[in-house]
Amino acid sequence: MENNCKYLHPEMETMTREEIEKLQLERLKKTVKHCMNSPFYKKRFEECNLKPEDIKSLDDIRKIPFTTKQDLRDNYPYGLAAVPLKDVVRLHSSSGTTGTPTVILHTQKDLDEWANAVARCLHMVGLRAGDIFQNSSGYGMFTGGLGFQYGAERLGMLTVPAAAGNTKRQIKFITDFGTTALHAIPSYAGRLHEVMEEMGIDPVKDTKLRTLIIGAEPHSEEQRRRIEKMLGVKAYNSFGMSEMCGPGVAFECTEQNGLHIWEDYYIVEIVDPETLEPVPDGEVGELVLTTINREAMPLLRYRTRDLTRFLPGECKCGRHHRRLDRMKGRSDDMIILKGVNIFPIQIETILMQFKELGSDYLITLTNLDANDEMTVEVELNEFTDDFGSLQKLTKEITRQLKDEILITPIVKLVPKGSLPKQEGKAVRVKDLRKTLI
C-alpha cells in the first residue's frame, strides 16, 4: 500500500457491516471446528452436548459456554492448545508466583497476524516508515513489549526497545534519537514530563515527539488531555490483553472517539456480569471476546472482566468496525497499576507469611502528580516500639511484595485495631484514583 494511504489493510478496514458479519461467521465456524483439537474445548463441547455443526449463525455463539481465566489456570500449561506443541513457536505467561499462572501459545502465523494487527493500529493514528518509535513497555513475558515491537517494525519504523523504567535514560533516548512516537502508560507519561522539567527539557521545543500511545491502565479523558498538553502530543488510547494476544485488540483512530475493535480478528459481546445476558447497545457491561483468527490457542467467549460499552453511530474515519468506550473498570477485584495486573490475594498471601502481622490490611491506590502509587497498611500482632526491628520487617515485606507483584508498594505497619472495621465483607482495596476521573 502507498505510505500515505489512510488504511493499511483497506480490504479489511473498509468492509461494510454485512461483509464483516459474513467473514465473522466463516471464521467462527472454522475456529469452532479447530477448537475440537484442544482437549479442553473437546471435553467442554461433549459436556454440553454441543457439536461444531450446531453453530450456523453468529447468534448461535450464545450456545457456547464462556471461557474464564480460571479455565486457563486449571488447564495450565498446554490444555487449551489446538495444535501440536511442535508447531508452537512462543508462549507468554502472566506474572506473579502465587497460584497457577496463565499461558498463551502462538504459532508463527499467530505472531504474523499479531504484528499485522498492531501495525494496522499504529498506521491508523498516522505513524509511518520514517517515524522513530520508542517503546517504554516491559519486554519478556509481558506482551506490551514484543507486541508493539513487531507491529512497529512491520510498519517499517525505526524502533527503540527502551523497555520500562530508567526515566532519565528514556528522555536521553527521546532527545538523542529524535523519537517521534512513544508508547507509555498514562501515569508514566506524567512522570516523564515531571523529570523533563527537572532536567530543563521542554518536550515541545526540545524533542520531536508528536504521537503518544497510551493504555494498559484506566484513565480519564481529562488525564489524556493533560498529557497531550504537557508533552505537546496527540495521545491515542489502546486496548489489549495477553489472552487475546496482547496490544492490537482495539485502538482509537485520529478521531479519538472510541476504540475500533478489529472484528476480522474477534467477535465482540457485552454482557451483564451477573446474568451473563447481552446488554442493550450503549449500556455498560462486561466485554466478552472470541478469537476467530488464531491457530495455537483460540478462545471462545472469553470473559475479559473489563467493563465497557458499544459507542453508537458511525465513525467519520470510514471504518465500520464497532467502537468501544474506554474501559470503565473491572467486574472482578483485579487491580491494574502501572500497566501490571495485580490481585489482592497475591498481596494477602505474602503478608500472611509473617507471624508478626495480624490479618487486617488495607491496600490504598492513589494518583499523585499523574503517578500511581500503592500503599499497603497492615496491622501488627503485638505492639512494639523497637524501631530497628520494625524498619527491618517493613523492608523485608516490601522486598517480597515487589518480587511478587513487580511494583514497589509503600508498606506501613500500624497498631492492632487501628484499621477501620466493616460489617460483612472486609474492604481490602481503596482506590482513590477513581475520585480523579
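See the structure shown above.
None of the values given here were measured: they were computed from a predicted structure.

Details of the sheet that holds strand E12 (residues 302-308)
Then comes step 1: Taken together, the four strands give an open sheet; going across it, the order is E10-E11-E12-E14, and neighbouring strands pair in antiparallel fashion. Pairing within the sheet leaves two strands with one partner each, and these edge strands are strand E10 (266-271) and strand E14 (329-330).
Then comes step 2: When E10 meets strand E11 (residues 285-291), the two strands line up antiparallel, connected through six bridges. Across the sheet, the residue bridging to tyrosine 266 is threonine 291, located in E11.

A closer look at the sheet that holds strand E18 (residues 371-380)
Then comes step 1: Overall, mixed pairing links the four strands, which are arranged E19-E18-E17-E20 in an open sheet. Looking at the sheet topology across the chains shown, the edges are occupied by strand E19 (410-414) and strand E20 (429-431). Strand-to-strand twist across the sheet, computed as the mean angle between neighbouring axes with direction ignored, equals 20 degrees.
Then comes step 2: Strand direction decides the pairing type here: strand E17 (residues 357-368) and E18, joined by nine bridges, are antiparallel. Opposite threonine 364, over in E18, you have threonine 375 as the bridge partner.

Quick look at the nonpolar core
Then comes step 1: Leu122, Phe133, Phe239 and Leu289 are the most contacted members of the largest nonpolar core, which has 68 residues in total.
Then comes step 2: For this core, the element with the most residues is helix H5 (residues 108-124), which contributes eight residues.
Then comes step 3: Setting aside anything within four residues of it in sequence, one finds phenylalanine 239 in contact with Gly248, Val249, Ala250, Leu259, Leu287, Leu289, Asp306 and Met327.
Then comes step 4: Membership of the second largest hydrophobic core comes to 23 residues, among which are Tyr361, Leu380, Leu393 and Leu401.

Description of the pattern of salt bridges
Oppositely charged side chains are able to pair whenever their charged atoms sit close together.
Then comes step 1: Scanning the entire structure with this criterion turns up 31 salt bridges.
Then comes step 2: Here arginine 319 makes a salt bridge to glutamate 13, at a shortest N to O gap of 2.8 Å. Placement of arginine 319 in the loop between E12 and strand E13 (323-324) and of glutamate 13 in helix H1 (residues 10-13) is noted, with a sequence separation of 306 residues between them. As far as burial versus exposure is concerned, arginine 319 and glutamate 13 are alike and both buried.
Then comes step 3: Notably, a salt bridge pairs aspartate 131 with arginine 210, separated by 2.7 Å at the nearest N-O pair. You can see aspartate 131 sitting in the loop between H5 and strand E3 (132-135) and its partner arginine 210 sitting in the loop between helix H9 (203-206) and strand E6 (211-215), a full 79 residues away along the chain.
Then comes step 4: Among the charged side chains, a network of salt bridges with common partners joins Glu221, Arg224, Arg225, Glu228, Glu252 and Arg326.

Comments concerning the environment of leucine 209
Then comes step 1: Looking at the secondary structure, you find leucine 209 in the loop between H9 and E6.
Then comes step 2: Residue class for leucine 209 comes out buried when judged on its relative accessible area of 7%.
Then comes step 3: In the structure, leucine 209 is positioned 183 residues away from lysine 392 in sequence and 44 Å away in space, judged by C-alpha atoms.
Then comes step 4: Among residues more than four places away in sequence, those in contact with leucine 209 are Ile174, Thr179, Thr180, Ala181, Leu182, Gly232 and Val233.

Basis of the calculations
- Residues numbered from 1 in each chain as written.
- Predicted model: local features only at pLDDT ≥ 70, side-chain atom pairs only at ≥ 80, totals over all residues.
- Heavy atoms only, no water.
- Pairing = 2+ DSSP bridges.
- Helix = DSSP H or I, 4+ residues; strand = E, 2+ residues; numbered from the N terminus.
- Axes fitted to C-alpha atoms, helices over the stretch in contact; angles between N-to-C directions.
- Core = buried A, V, L, I, M, F, W, Y, C linked by side-chain atoms within 4.5 Å.
- Buried < 20%, exposed > 50% of the residue type's maximum accessible area, 1.4 Å probe, protein only.
- Contact = heavy atoms within 4.5 Å.
- Salt bridge = Lys/Arg side-chain N within 4 Å of Asp/Glu carboxyl O.

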